[in-house]
Amino acid sequence: CVRDTDNAVYRSSYFPVDSGMDMFYSYDACNSTAEEWLGFYEGDTLGGIKLKASIPNYLEPMIFKRDGEGDVISEPGPEYYNNSIPYEGVYMNYVNEIMRIAKGDIQEVTYTYKSRSSLLQHSSSHYTAAVQ
């Protein structure tokens, strides 16, 4: 939106001049205000929401659970439907880091399984079953 505007644009102070990043912005050209940006930047965009994420399948090292001996389970079994056994992996670490950076804007993320009935209806894709 900045490229095609006659409105004033400003160099972003978030990137040092010697960084090689020439980033510019214009609140007017992009139909926004400084207050909206500051609200976003200061972390109140989502208002402390709680999210629920349906896990489609295991994909080590991205998403997995462990058995009673601490070994990684490669294929979902009865433990998949047991929410007391936590999911682990790169994705969980990534989301935890986003939550840390968000400083309370995302209050919690609960991971759960896809429903058995959804998997019956969408048997060709665990991923489709997880979101339907």
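Now for a quick tour of the structure.

Notes on unusual backbone geometry
Right, so step 1: A cis amide bond links Glu60 with the next residue in sequence, Pro61, at an omega value of 5°.
Right, so step 2: Tracing the chain through its elements places Pro61 in the loop between β3 (49–55) and β4 (65–66).
Right, so step 3: Positive phi outside glycine occurs at Lys103, with the angle close to 50°.
Right, so step 4: Note that Lys103 resides in the loop between α2 (90–102) and β6 (106–113).
Right, so step 5: Residue Lys103 is classed as exposed on the basis of its relative accessible area, which comes to 74%.

Section: the packing of aromatic side chains
Right, so step 1: Overall, the coordinates contain five aromatic pairs when judged by the stated rule.
Right, so step 2: Aromatic side chains Tyr58 and Tyr87 sit 6.5 Å apart centroid to centroid with 70° between the ring planes, which places their arrangement in the edge-to-face category. Here Tyr58 is found in the loop between β3 and β4, whereas its partner Tyr87 is found in the loop between β5 (72–73) and α2, with 29 residues between them in sequence. Here the two residues Tyr58 and Tyr87 agree in accessibility, since each one is buried.
Right, so step 3: Where Tyr80 meets Tyr81, the ring centres are 4.9 Å apart and the plane angle is 90°; that geometry is what we call edge-to-face.
Right, so step 4: Of the residues examined, Tyr80 reaches a relative accessible area of 1% and is grouped as buried.
Right, so step 5: A network of ring pairs unites the aromatic residues Tyr58, Tyr80, Tyr81, Tyr87 and Tyr113 as a single cluster.
Right, so step 6: The ring of Tyr87 is capped by Lys65, whose NZ or CZ atom sits 4.4 Å from the centre of that ring.
Right, so step 7: Its end group placed over the ring of Tyr81, Arg116 keeps NZ or CZ at 3.7 Å from the ring centre.

Calculation rules
Residues numbered from 1 in each chain as written. Predicted model: local features only at pLDDT ≥ 70, side-chain atom pairs only at ≥ 80, totals over all residues. Heavy atoms only, no water. Helix = DSSP H or I, 4+ residues; strand = E, 2+ residues; numbered from the N terminus. Buried < 20%, exposed > 50% of the residue type's maximum accessible area, 1.4 Å probe, protein only. Phe/Tyr/Trp six-rings, centres within 6.5 Å; stacked < 30°, edge-to-face > 60°. Lys NZ or Arg CZ within 6 Å of the ring centre and 35° of its normal.

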